[in-house]
Every structure is written in structure tokens, then in C-alpha cells.
Amino acid sequence: MFITPAYAQAAGGAAPGFDPMFLIMMGLMLAVMYFLMIRPQQKKVKEHKALIAAIKRGDQVVTSGGIIGTVAKVRSDTEIDLEISEGVRVRVVRGMITEVLAKTGHLSKTVAADEDEEEAAESTAKK
């Protein structure tokens, strides 16, 4: 017979006892992940919340869908009315605002007139 049978050898086991090098490497990996991934993301979320909280009537904003418009009315803490063209309004969830282009610009006369009409209609409906 030309080929001799090969027998598996027992694998060398890990050294028994505590390995502090493993613990140090895991700690370094967690620290790197925190400073490169988690901390910048938390900062970005904090800035976005401040941006959304500061939105008021007249601001020109961009939505996550790419629509640019002017805030016509702040309905609640979660919704705003956005005028995207003269006489065209859409209701938008505040969280979908990605950027504020211009702070409290000049409102068109139609927006101001529409606001007055809505407020008058709401007050007569309450009576």
C-alpha cells in the first residue's frame, strides 16, 4: 500500500485560566464603536429635535420627500400646514421636516388672509 492512513490529531485546547488580553480588546472595540457610531448619531438626533421644535409660521422648510414650502400654520406639536404653492396647502408631520431654509420669512397675503378666515370660522363654530 502506497498511501498510509491519516489519523486526526487532538487539537490543542485553550490554556486554562483567565485571559486579560481578551477583556482589554473587547473594551477597546466597544469604546471605538461608541465614539465613531453611537455618539455622533445621538448628537444628530438632538440637533434634529431642536430644529423641529423651533419651527414656526413663515419658515421655509424642506420635507423628507423633497418638498419645499412655507409653514402656513402650526396645528399641533406633531403637525403643520405647509404651503407648497399659492393656495395649495398640505398637512405634514413635523418629524418629516429635514431642513429649515429660511427663518420666518415674509408670508404671502393669501396665507395671512386664509389664517384669519380659519380663525373666524373656528370661533363661530365654537359659539
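Just so it is clear, the model here is predicted, and its values are computed rather than measured. (Residues numbered from 1 in each chain as written. Predicted model: local features only at pLDDT ≥ 70, side-chain atom pairs only at ≥ 80, totals over all residues. Heavy atoms only, no water.)

1. A word on the environment of G66
Note the following rule: In DSSP terms, a helix is any run of H or I states spanning at least four residues, a strand is any run of E spanning at least two, and both are numbered starting from the N terminus.
Mapped onto the elements of the fold, G66 is located in the loop between β1 (60–63) and β2 (68–74). The spatial distance from the C-alpha of G66 to the C-alpha of M96 is 10.0 Å, given a sequence separation of 30 residues.

2. Considerations on the sheet that holds strand β3 (residues 79–85)
As a reminder of what qualifies: Any two strands with at least two DSSP-identified bridges between them are counted as paired. Lines fitted to C-alpha atoms define the axes here, with helix axes fitted over just the stretch in contact, and angles between the N-to-C directions of these axes take values from 0 to 180 degrees.
Ordered in space as β4-β3-β2-β1-β5, the five strands form an open sheet in which the pairing is antiparallel. Because the sheet does not close on itself, it has two edges, and the strands there are β4 (88–93) and β5 (97–102). The mean angle between the axes of side-by-side strands here comes to 45°, regardless of whether they run parallel or antiparallel. Judged from the four bridges that link them, β1 and β5 form a sheet pairing that is antiparallel. By the bridge assignment, Q60 is partnered in β5 with A102.

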